[in-house]
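Tertiary structure, described
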Amino acid sequence: MIHFLNLIRWKNLLMIALMQYLVKYALLLPFQESHGVLITLSDFNFFLLVLATVCIAAAGYVINDVYDIETDRINKPDQLIINKHITEKNATTIFIILNIIGVGLGFYLSNGIGKPEFFAIFFVTSALLYMYASFLKQIAIVGNVVVSIMVCLSILLVGVFELIPAMTENNKAIQTTFLYIIRDYAFFALMINFVRELVKDIEDIDGDHKAGIQTLPILLGRERSTKIVFMLSLIPIVSIVYYVITYLFKQQLVVGYFLIFVIAPLIYVSIKLFSAESKAQYKHISFILKLVMLTGMLSLLLYKFIILN
C-alpha cells in the first residue's frame, strides 16, 4: 500500500486537495451571506470535483513514472517503484483506472451543473498529462510550462465550477471579483511552480542527460541555467510585492504574513539560487518553493479580514 501511495505522490495530491478546499471554504463560503457570493456545488459534489482532480493528477504521476524508469534509476534510485515494487503492467492499469474515474466524475459534474462543455477541461488535462509523460517533457521549457499550467488549472477549476454557473447580470460584479482573486492565486502558483520545475531539471541533469531528454540545463549547461532561473525567481517576488502594495497595504496583518511567509522565503530562494552548485542545494531550493506555494495558498484564510474590513 505504501508503494502505491508513493507512486501516486500522495503528499502532492493532499496539497492539491487542500488548495481547492481553501479556495471554496476560506475564500468563497465566508462571503456567501455578507457579500452575496453564489456558489454552485454542494459539499458532496465539491468533494467529487476534488476527487476528479486528484485522480487525474495521480494518473499523471503514475504514467510519468512509467516513462521515467531509466532516468529515475540514475536520479533517484532509492525512490524507484516501477518494476521494483509495482510492475509496469500494473502501473499502466492503475493509470487507466484513475483516468476513467477522474474523467468520468468530470463528465458527471459538468452535466450536473448544466455546463457539459466543462467536461473538456478534464479530458484535455488527462490527455496533456499523458502527452507530457510520453514526449512533451523531452522538449526544453515546454514540459515545464505544461506542468505549471496543470497546477494553475487545479486552482482555477474551483472558480470555474463554483462561480461561473451561478453568474447572472445582477451578481456578475461580485462573482467576477472573486473569480479574479482565484485567477491571481492560480497565476501565483503557476509562476512558483515554473521556477520549481526548472530547479528540478537542474537537480536531475545527470539522469536526463543519459536518457536523452533535452531540458534547459542540458541545452545551456548547469551554470547558465541556474543564472536564468535566478532571474526568473525575481519575477514572483516583484509580482507579489506589487500585489500586496496595490491591494492589501492597509491590512497590516496580511502585509506581515506575506512578508514573512511568502516574500522572505522567495528572496531566500533567489539568494540560494545565485550560488547553488550541488544536487542537495537544488533539492533544498525545490522544497522551499513547494513550501511557499503552500504558505501562499494558506493566505486565503486571511481574506475574511481583508474583505470585511
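Residues numbered from 1 in each chain as written. Predicted model: local features only at pLDDT ≥ 70, side-chain atom pairs only at ≥ 80, totals over all residues. Heavy atoms only, no water.

1. A few points about the overall build of the chain
Stated precisely, the cut-off is as follows: A helix here means a DSSP run of H or I that spans at least four residues, while a strand means a run of E at least two residues long, and both kinds are numbered starting from the N terminus. As a reference, a globule follows 2.2 Å times the number of residues to the power 0.38, and the radius of gyration itself is taken over C-alpha atoms. Whether two residues touch is decided by their heavy atoms; if any such pair falls within 4.5 Å, the residues are in contact. Here the open area of atoms and residues is found with the Shrake-Rupley method and a 1.4 Å probe, where only the protein chains shown may cover a residue. Counting rule for charge: Lys and Arg are taken as positive, Asp and Glu as negative, and neither His nor the chain ends is counted. For charged residues, the charge sits on one atom: NZ in Lys, CZ in Arg, CG in Asp, CD in Glu.
Helix and strand counts for the chain come out as 15 helices and zero strands. In terms of overall size, the chain behaves like a compact globule, its C-alpha atoms giving a radius of gyration of 20 Å where 309 residues would be expected to give roughly 19 Å. For the chain, restricting intrachain contacts to residue pairs at least 6 apart in sequence, the fraction spanning at least 24 positions comes to 75%. With the model as given, the accessible surface of the chain reaches about 15,000 Å², and the carbon-plus-sulfur share is 67%. Side chains of the chain give 23 positive and 20 negative charges; the mean places of these two sets differ by 3 Å.

2. Re helix H13 (residues 252-275)
Spelled out, the test is: Expected span, for any helix, means 1.5 Å times one less than how many residues it has. Bend angle per residue: angle between axes fitted to the 7 residues ending at that residue and the 7 residues starting there. Working definition: with a 1.4 Å probe on protein chains only, accessible area under 20% of the residue-type maximum means buried, over 50% means exposed, and in between means partly exposed.
With 24 residues, H13 extends 33 Å from end C-alpha to end C-alpha; this agrees with the ideal 34 Å at 1.5 Å per step. Along H13, the sharpest kink reaches roughly 40°, centred on Leu 259. Among the residues making up H13, those that are buried are Val 254, Val 255, Tyr 257, Phe 258, Val 262, Ile 263, Pro 265, Leu 266, Val 269, Ser 270 and Leu 273.

3. Comments concerning the packing of helix H4 (residues 43-67) against helix H7 (residues 119-134)
The angle between the axes and the distance between the axes are what describe a pair of packed helices. How we decide: Whenever a helix is involved, its axis is fitted only over the stretch in contact; in every case the axis is a line through C-alpha atoms, and angles between N-to-C directions fall within 0 to 180 degrees. Any angle between 65 and 115 degrees counts as roughly perpendicular, while under 35 counts as roughly parallel, over 145 as roughly antiparallel, and the rest as oblique. Whether a crossing is left-handed or right-handed is set by the direction in which the near helix is turned from the far one by less than a right angle, anticlockwise for left-handed and clockwise for right-handed. Throughout this entry, Asp, Glu, Lys and Arg are counted as charged residues, while Ala, Val, Leu, Ile, Met, Phe, Trp, Tyr, Cys and Pro are counted as nonpolar. The remaining residues, Gly among them, count as polar.
The contact between H4 and H7 brings their axes to 8 Å, and the two run at 15°. The orientation of H4 relative to H7 falls into the category roughly parallel. Here H4 and H7 pass one another in a crossing that is right-handed. Packed against H4, whose contacting residues are Leu 49, Ala 52, Ile 56, Ala 57, Gly 60, Ile 63, Asn 64 and Tyr 67, the element H7 presents Phe 122, Thr 125, Ser 126, Leu 129, Tyr 130, Tyr 132, Ala 133 and Ser 134 at the interface. When grouped by side-chain class, the residues that make up the contact of H4 with H7 number 11 nonpolar, five polar and no charged.

4. Comments concerning the side chain of Gln 175
Heads up, the rule is: For the purposes of these results, a polar contact is taken to be a pair of N or O atoms within 3.5 Å, where, inside protein, one atom must be able to donate a hydrogen and its partner to accept one; residues adjacent in sequence count only when each atom of the pair is a side-chain atom.
Tracing the sequence through the fold places Gln 175 in helix H9 (residues 172-203). Polar side-chain contacts of Gln 175 include one of 2.9 Å to the backbone nitrogen of Leu 38. What Gln 175 contacts, discounting residues up to four positions off in sequence, is Gly 36, Val 37, Leu 38, Leu 163, Ala 166 and Met 167.

5. A word on the packing of H4 against helix H6 (residues 88-112)
The contact between H4 and H6 brings their axes to 8 Å, and the two run at 150°. Put simply, H4 runs roughly antiparallel to H6. Along this stretch, H4 crosses H6, giving a crossing that reads as left-handed. A breakdown of the residues in the contact of H4 with H6 according to their chemical character gives 20 nonpolar, five polar and one charged.

6. Considering the nonpolar core
Heads up, the rule is: As used in this record, nonpolar core signifies buried Ala, Val, Leu, Ile, Met, Phe, Trp, Tyr and Cys residues forming a set joined through side-chain atoms within 4.5 Å.
If you look at the biggest cluster of nonpolar residues, it comprises 98 residues, and the most contacted ones within it are Leu 28, Phe 161, Phe 258, Leu 300 and Tyr 303. With residues up to four places along the chain from it excluded, the contact list for Phe 161 reads Thr 40, Leu 41, Leu 49, Leu 109, Ser 110, Ile 113, Phe 118 and Phe 122.

7. A look at unusual backbone geometry
Glycine aside, the phi torsion of most residues is negative, and most peptide linkages are trans. The backbone phi angle of Arg 9 is positive, close to 55°, even though this residue is not glycine. As for its position among the elements, Arg 9 is in the loop between helix H1 (2-7) and helix H2 (10-28). The backbone of Ile 141 sits at a positive phi, close to 70°, despite the residue not being glycine. Relative to the assigned elements, Ile 141 resides in the loop between H7 and helix H8 (142-162). For Ile 141, a relative accessible area of 29% translates into the label partly exposed.

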